[in-house]
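Here's the letter readout for the chains.
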Amino acid sequence: MKLTRREMIQATAAGAAAMALPSARVPPPAPGAPRFFTAAEFAVVDELSDMIIPTDQQSGGARAAGVATYIDARLAESFEPEPPARWRAGLQAVEDLSRELTGKAFMESTPEQRVAALTRMAAAESDPKTPAEQFFRVIKGSTIRAYYTSKIGIHDDQQYKGNVYQMGEFAGLDPA
């Protein structure tokens, strides 16, 4: 299709006029507010990820590294429907397991009860059968990926020093 000069000017003017109209765009979420998860789901992801990689004497844990925020952002940007659906179903499975074990929602249970629920989920990691066991693999993998790509995971935990000459003996190094 070939445009005349007149048609090009009309299209440009129409585009400029449309940009000047009040926008019906959705405002961006408040800073720190979850973009994909509900507040309750975000709290569960934050707690589970911090239980998987807790703070220790060397580095902050998953919560300090912003793992739940990272996972939330990736799911909010997902073009595929499967990952968000998998996370929603997995979080529901965690809630179901918690209610089965304690009669309470995961975040309403005691820290010891949360550990028991996580331990139950992780027990069959090599051959998961229940939805909660299957979800454990998802959240563990995502937690590890998010943590070890964060500043805390790379610099504090792994003590990465950048591209510097490493002195010392290393496995696989043939001394000259």
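Note: the structure precedes this text.
Residues numbered from 1 in each chain as written. Predicted model: local features only at pLDDT ≥ 70, side-chain atom pairs only at ≥ 80, totals over all residues. Heavy atoms only, no water.

Here's the deal with the overall build of the protein
Right, on to step 1. What the protein contains, in helices and strands, is eight helices and zero strands.
Right, on to step 2. Relative to its 176 residues, the protein shows a buried fraction of 31%.
Right, on to step 3. Within the protein, counting contacts between residues at least 6 apart in sequence, those at least 24 apart form 60% of the total.
Right, on to step 4. When the accessible area of the protein is evaluated, it comes to approximately 12,000 Å², of which 58% is carbon and sulfur surface. (Helix = DSSP H or I, 4+ residues; strand = E, 2+ residues; numbered from the N terminus. Buried < 20%, exposed > 50% of the residue type's maximum accessible area, 1.4 Å probe, protein only. Contact = heavy atoms within 4.5 Å. Areas by Shrake-Rupley, 256 points an atom, 1.4 Å probe, with all protein chains shown as cover.)

Topic: the pattern of salt bridges
Right, on to step 1. In this structure the tally under the stated criterion is ten salt bridges.
Right, on to step 2. Residue Asp 46 pairs with Arg 63 through a salt bridge whose shortest N-O separation is 2.7 Å. With Asp 46 in helix 2 (residues 39–52) and Arg 63 in helix 3 (residues 62–65), this residue pair connects regions lying 17 residues apart in the sequence.
Right, on to step 3. Relative accessible area serves as the criterion here: at 38%, Arg 63 is assigned to the partly exposed category.
Right, on to step 4. Here Arg 120 makes a salt bridge to Glu 100, at a shortest N to O gap of 3.5 Å. Linking Arg 120 in helix 6 (residues 111–123) with Glu 100 in helix 5 (residues 82–102), this pair joins segments that are 20 residues apart in sequence.
Right, on to step 5. Overlapping salt bridges bring together Asp 46, Glu 47, Asp 50, Arg 63 and Arg 114 as one network. (Salt bridge = Lys/Arg side-chain N within 4 Å of Asp/Glu carboxyl O.)

With respect to the side chain of Arg 114
Right, on to step 1. Mapped onto the elements of the fold, Arg 114 is located in helix 6.
Right, on to step 2. Note on Arg 114: relative accessible area 12%, which makes it buried.
Right, on to step 3. A distance of 2.7 Å separates a polar side-chain atom of Arg 114 from the backbone oxygen of Met 107.
Right, on to step 4. When sequence neighbours within four positions are dropped, the list of residues in contact with Arg 114 reads Glu 47, Met 51, Phe 106, Met 107 and Ser 109. (Polar contact = N/O pair within 3.5 Å; in protein donor to acceptor, adjacent residues only side chain to side chain.)

A word on the nonpolar core
Right, on to step 1. In terms of nonpolar packing, the biggest core is built from 30 residues, with Phe 37, Val 45, Leu 48, Trp 87 and Phe 135 touching the most fellow members.
Right, on to step 2. Those elements that place two or more of their residues in this core are helix 2, helix 4 (67–76), helix 5, helix 6 and helix 7 (131–147).
Right, on to step 3. No other element matches helix 7, which puts seven residues into this core.
Right, on to step 4. Aside from chain neighbours lying at most four places away, what touches Trp 87 is Phe 36, Phe 37, Val 45, Ile 71, Leu 75, Phe 135, Val 138, Ile 139 and Ser 142. (Core = buried A, V, L, I, M, F, W, Y, C linked by side-chain atoms within 4.5 Å.)

Here we look at helix 5
Right, on to step 1. Helix length check: helix 5 (21 residues) gives 30 Å between terminal C-alpha atoms against 30 Å at 1.5 Å per residue, within 8%.
Right, on to step 2. For helix 5, the complete set of buried residues consists of Pro 84, Trp 87, Gly 90, Leu 91, Ala 93, Val 94, Glu 95, Leu 97 and Ser 98.
Right, on to step 3. After helix 5 finishes, the residue Gly 103 shows a positive phi value of roughly 80°. (Expected span 1.5 Å × (residues − 1).)

Some words on the environment of Thr 130
Right, on to step 1. For Thr 130, the position within the fold is in the loop between helix 6 and helix 7.
Right, on to step 2. The exposure class assigned to Thr 130 is partly exposed, which follows from its relative accessible area of 36%.
Right, on to step 3. Note: C-alpha distance between Thr 130 and Leu 97 (33 residues apart in sequence) is 9.8 Å.

Focus on the packing of aromatic side chains
Right, on to step 1. For the coordinates displayed, the defined rule picks out four aromatic pairs.
Right, on to step 2. Members of the aromatic cluster, each reached through a chain of ring pairs, are Phe 36, Phe 37, Trp 87 and Phe 135.
Right, on to step 3. Above the ring of Tyr 70, the side-chain terminus of Arg 74 is found at 4.8 Å from the ring centroid.
Right, on to step 4. In this structure, Arg 88 is placed above the aromatic ring of Phe 36, and the distance from its NZ or CZ to the ring centre is 4.0 Å. (Phe/Tyr/Trp six-rings, centres within 6.5 Å; stacked < 30°, edge-to-face > 60°. Lys NZ or Arg CZ within 6 Å of the ring centre and 35° of its normal.)

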